[in-house]
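# Understanding the architecture of this molecule
Given next are the chains, with one letter for each unit.
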Amino acid sequence: MADVLSVGVNLEAFSQAINAIQALRSSVSRVFDCLKDGMRNKETLEGREKAFIAQFQDNLHSVNRDLNELERLSNLVGKPSENHPLHNSGLLSLDPVQDKTPLYSQLLQAYKWSNKLQYHAGLASGLLNQQSLKRSANQMGVSAKRRPKAQPTTLVLPPQYVDDVISRIDRMFPEMSIHLSRPNGTSAMLLVTLGKVLKVIVVMRSLFIDRTIVKGFSENVYTEDGKLDIWSKSNYQVFQKVTDHATTALLHYQLPQMPDVVVRSFMTWLRSYIKLFQAPCQRCGKFLQDGLPPTWRDFRTLEAFHDTCRQ
Amino acid sequence: MLRTHCPASRLGINLLHLTPASLSVSQMPVAEGKSVQQTVELLTRKLEMLGAEKQGTFCVDCETYHTAASTLGSQGQTGKLMYVMHNSEYPLSCFALFENGPCLIADTNFDVLMVKLKGFFQSAKASKIETRGTRYQYCDFLVKVGTVTMGPSARGISVEVEYGPCVVASDCWNLLLEFLQSFLGSHTPGAPTVFGNRHDTVYGPADTMVQYMELFNKIRKQQQVPVAGIR
């Protein structure tokens, strides 16, 4: 109700202000008319000067009066659009039917939300910059550039070296067989078969592991044209979960200067899944939780935990 | 009382676990005063409370054949029994098994061939036994609760649990047992023979059928016990 009233007052002030502007314009034009006409014919020069000055003074006074009147009115009218922090959108608050179109309150919330988002994004980017997940040495910036000879970028390792590292790992774990193929140029793809439990497709870039997919031992890992199927996920929930954990492990094991150690650590970790269906959870002691066996393996101790039981 | 069983308690719940993983058969008494139907309902309700989703129906049937007398040797050799079975999980296949013997997996045309082999194998009268019921999915588990019927009467309940991700039966037995306990309570079976003697081999459809055959034989023998007041 108060809103409506103030709007009415404002409107009245507006019309008065417009009138005042008209008055001001006419009084100003009278000043210039008077100047244009100059001194009218009078008997004496003094009489003419006196009359002209008096008229000019009158006109200037009326201009001054009209201007003061306009200033007074302009204060009454107020400056709603500029006073408001949201500028013109603040006029939405004048909408009397708040219940039907709660635009203004939504707008305020969105404004607050975007402010907060900006603030948190700033904080997050600061934190993330401290703990970079970039895994290759050539992305480490200045230090890598300064010593290019001493620390060759690990992305240009000869395929022979990669083969050697992989075959050494293959020999290390008897229950794990690794089949290496290079269907797309120099990048190697590994098909790791762990006992009779699961199969893992590992996509490598030089000695960096780019992607892993875990599937069941009985599941097909090839596409119809006989290539390794690196895109489709497992049909079983348990292996989808293990795939997620394996991707986490890729980010955990990183040591840009010694990529072979990273691959070996990852494979050692992966090997602990040989007991996927046999090991109970180390925390709750059970096999099943929500229908899934303990799918998480601790990165250090390789102990089995349910996803929700790990710390 | 001569018997320790009341009639209702002779209705066994038989547990199976199946492909491509493994399977187990055992028996437990049904709660006293409950019919087969009521017990099946109890089981399915428990499964649904657990969060299992219904996925259509299933059926496994079995017919018994004798070796014909004319083909037997004169040395008093006893004829072996052969079982011809079908499983709705493998709709294009037909399974032929001997007890303790090999299991043959053939196309469904095999049924026609058996008619032609009448001179060597004769179908035993009223020997057809089958189990029908609902299929449930819970996470990676597949559970099939069925009523075993012989002719017109219900003889027992079969429970089959399949854990798809695992292909070696003995690996996931403890895990299966825990799952079985979650809806069967204390009436969980011991490890089936398939688990023990075939260590580390990949489980196949034939292993499932062997367990069903053993289950059906057990139920048939129970019927032969002379009991009064059969329901």
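Counting of residues starts from 1 at the beginning of each chain's written sequence and follows it residue by residue. Here every chain gets a letter starting at A, and every ligand a number starting at 1, in the order they are written. With the structure being a predicted model, the display of local features is reserved for residues of pLDDT at least 70 and the display and counting of side-chain atom pairs for 80 or more, all residues being used for whole-chain, interface and lining totals. Hydrogens are left out, water is left out, and the side-chain values use all remaining heavy atoms of the structure.

## Let's talk about the interface of chain B and chain A
- In what follows, residue pairs with any heavy atoms lying within 4.5 Å of each other are defined as contacts. The interface is formed by 20 residues belonging to chain B together with 17 residues belonging to chain A.
- The term salt bridge refers to a side-chain nitrogen of Lys or Arg lying within 4 Å of a carboxyl oxygen of Asp or Glu. Summed over the shared surface of chain B and chain A, the number is zero salt bridges.
- Note on residue categories: nonpolar means Ala, Val, Leu, Ile, Met, Phe, Trp, Tyr, Cys or Pro, charged means Asp, Glu, Lys or Arg, and polar means any other residue, Gly included. Tallied by class, residues from the side of chain B that touches chain A come to 13 nonpolar, three polar and four charged.

## A closer look at the pairing of strand β5 (residues 103–107) of chain B
All names here are of chain B.
- In terms of strand pairing, strand β4 (residues 93–98) meets β5 through five bridges, oriented antiparallel. Each residue of the ladder has a partner; that of S93, found in β5, is D107.
- Here, a strand pair is defined by DSSP locating no fewer than two bridges between the strands. Secondary structure elements are defined from DSSP: runs of H or I of at least 4 residues count as helices, runs of E of at least 2 residues count as strands, and each element is numbered from the N terminus. Once β4 ends, the chain turns through four residues before running back antiparallel as β5, passing N100 with a positive phi of about 60 degrees.

## As for the pairing of strand β7 (residues 129–138) of chain B
All names here are of chain B.
- Burial classes: relative accessible area under 20% of the type maximum marks a residue as buried, over 50% as exposed, and values in between as partly exposed (1.4 Å probe, protein chains only). Burial analysis of β7 places seven of its 10 residues in the buried class, the great majority of the element.
- Relative to strand β8 (residues 141–150), β7 is paired through 10 bridges, and the arrangement is antiparallel. Bridge pairing in β8 links R135 to K144.
- Between the antiparallel neighbours β7 and β8 lie two residues, among them C139 with a positive phi of about 55 degrees.

## Notes on the environment of D260 of chain A
Residue and element names in this part refer to chain A.
- Topologically, D260 is positioned in helix α8 (residues 259–271).
- On the basis of relative accessible area, D260 is assigned to the buried category, the value being 17%.
- Along the backbone, D260 and V165 are 95 residues apart, and their C-alpha atoms lie at a distance of 6.6 Å.
- Sequence-distant contacts of D260, defined by excluding residues within four places in its chain, comprise Y161, V165 and L207.

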